[in-house]
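Understanding the architecture of this molecule
What follows is the residue order along each chain.
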Amino acid sequence: MKVLVVYDSLFGNTQKVASAISQAFGEEGIVSKITEIDPSKIGEFDLLIFGSPTHGGWPTPAFQKFLKEIPSESLKGKSFAAFDTRATAFIARVFGYAAKRIADILISKGGIPVFPPEGFLVKASKGPLKEGEIERALEWGKRIREVSAKIF
Ligand SMILES: Cc1cc2nc3c(=O)[nH]c(=O)nc-3n(C[C@H](O)[C@H](O)[C@H](O)COP(=O)(O)O)c2cc1C
């Protein structure tokens, strides 16, 4: 099973979560920043895991551009899971979160969610992550690996 974890990150927190998730897949997991991967290349992977910081309730502009540029034919029937990082502030709940938006876009292009969208918490915009979130990210990755092992 070839697994690609793609993330965007302004302050490094989403990068840390992405790395922890990819560790759950051992040598099968590749982690890449959104700006370092060609959207047309994702068809080469069996499972895609996408994560972005939440900005105004959405993924970053670079992430939205990337999602738009993925050719539909490389997403049809492709297993995926989406995550985001988000602030704990109450006001943030009003706008919604990036992971659900990523999932909706991927589903509209034919992707198949293997796991519900998940959020990981930062204490403030620049971080750090809340205590225990790295461990939770690793566990989340392991659960996705278990579910995916039944598919592949
Ligand atoms: C421009 C901007 C907009 C943001 N909007 C939201 C938001 O709508 N909801 C939320 O929960 N957090 C919001 N945040 C906090 C980010 O989610 C937080 O900076 C991010 O999780 C940190 O991840 P990173 O270190 O990978 O960039 C915002 C941060 C920035 C810089």
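Not measured: the values here are computed from a predicted model.

Section: the overall build of the chain
The number of helices and strands found in the chain is six helices and six strands. Put simply, the chain runs from its N terminus to its C terminus through helices and strands in the order β-α-β-β-α-α-β-α-α-β-β-α. With respect to the three principal axes, the spread of C-alpha positions in the chain is 35 × 30 × 25 Å. The buried share of the chain, taken over its 152 residues, is 41%. Intrachain contacts of the chain at a sequence separation of at least 6 include 78% that bridge at least 24 residues.

Brief notes about the pairing of strand 4 (residues 79-87)
The buried fraction of strand 4 amounts to eight of the nine residues, a majority that puts the element mostly inside the structure. The pairing of strand 3 (residues 47-53) with strand 4 spans seven bridges and is parallel. Residue pairing for strand 4: I49 is matched across the bridge by A81. When strand 4 meets strand 5 (residues 112-113), the two strands line up parallel, connected through two bridges. By the bridge assignment for strand 5, S79 is matched with I112. Bridging between strand 4 and strand 6 (residues 118-122) involves five bridges; their strand directions are parallel. For F83, the partnering residue across the bridge sits in strand 6 and is E118.

Observations regarding the pairing of strand 3
Counting buried residues in strand 3 gives seven out of seven residues, a clear majority hidden from the surface. The side-chain alternation of strand 3 yields two buried faces, one formed by L47, I49, G51 and P53 and the other by L48, F50 and S52. Bridge analysis of strand 1 (residues 3-7) against strand 3 gives five bridges, and the strand direction is parallel. Residue pairing in the sheet places V6 in a bridge with F50 of strand 3.

So, the nonpolar core
Grouped together as the largest cluster of nonpolar side chains are 40 residues, with contacts concentrated most on V5, I21, L48, I49, F80, A82 and I102. If you list the elements that add at least two residues to this core, you get strand 1, helix 1 (13-23), strand 3, helix 2 (61-69), strand 4, helix 5 (98-108), strand 6 and helix 6 (133-149). Other than its neighbours up to four places away in sequence, I102 contacts F50, S52, P59, L67 and A82.

Section: the environment of F83
Tracing the backbone shows F83 in strand 4. The spatial distance from the C-alpha of F83 to the C-alpha of V122 is 13 Å, given a sequence separation of 39 residues. Discounting chain neighbours no more than four positions away, the residues touching F83 are V17, G51, A99, P117, E118, G119 and F120.

Cut-offs and rules
- Residues numbered from 1 in each chain as written.
- Predicted model: local features only at pLDDT ≥ 70, side-chain atom pairs only at ≥ 80, totals over all residues.
- Helix = DSSP H or I, 4+ residues; strand = E, 2+ residues; numbered from the N terminus.
- Buried ≥ 20, exposed ≤ 12 C-beta atoms within 10 Å, placed from the backbone.
- Contact = placed C-beta atoms within 7 Å.
- Pairing = 2+ DSSP bridges.
- Core = buried A, V, L, I, M, F, W, Y, C linked by C-beta atoms within 7 Å.

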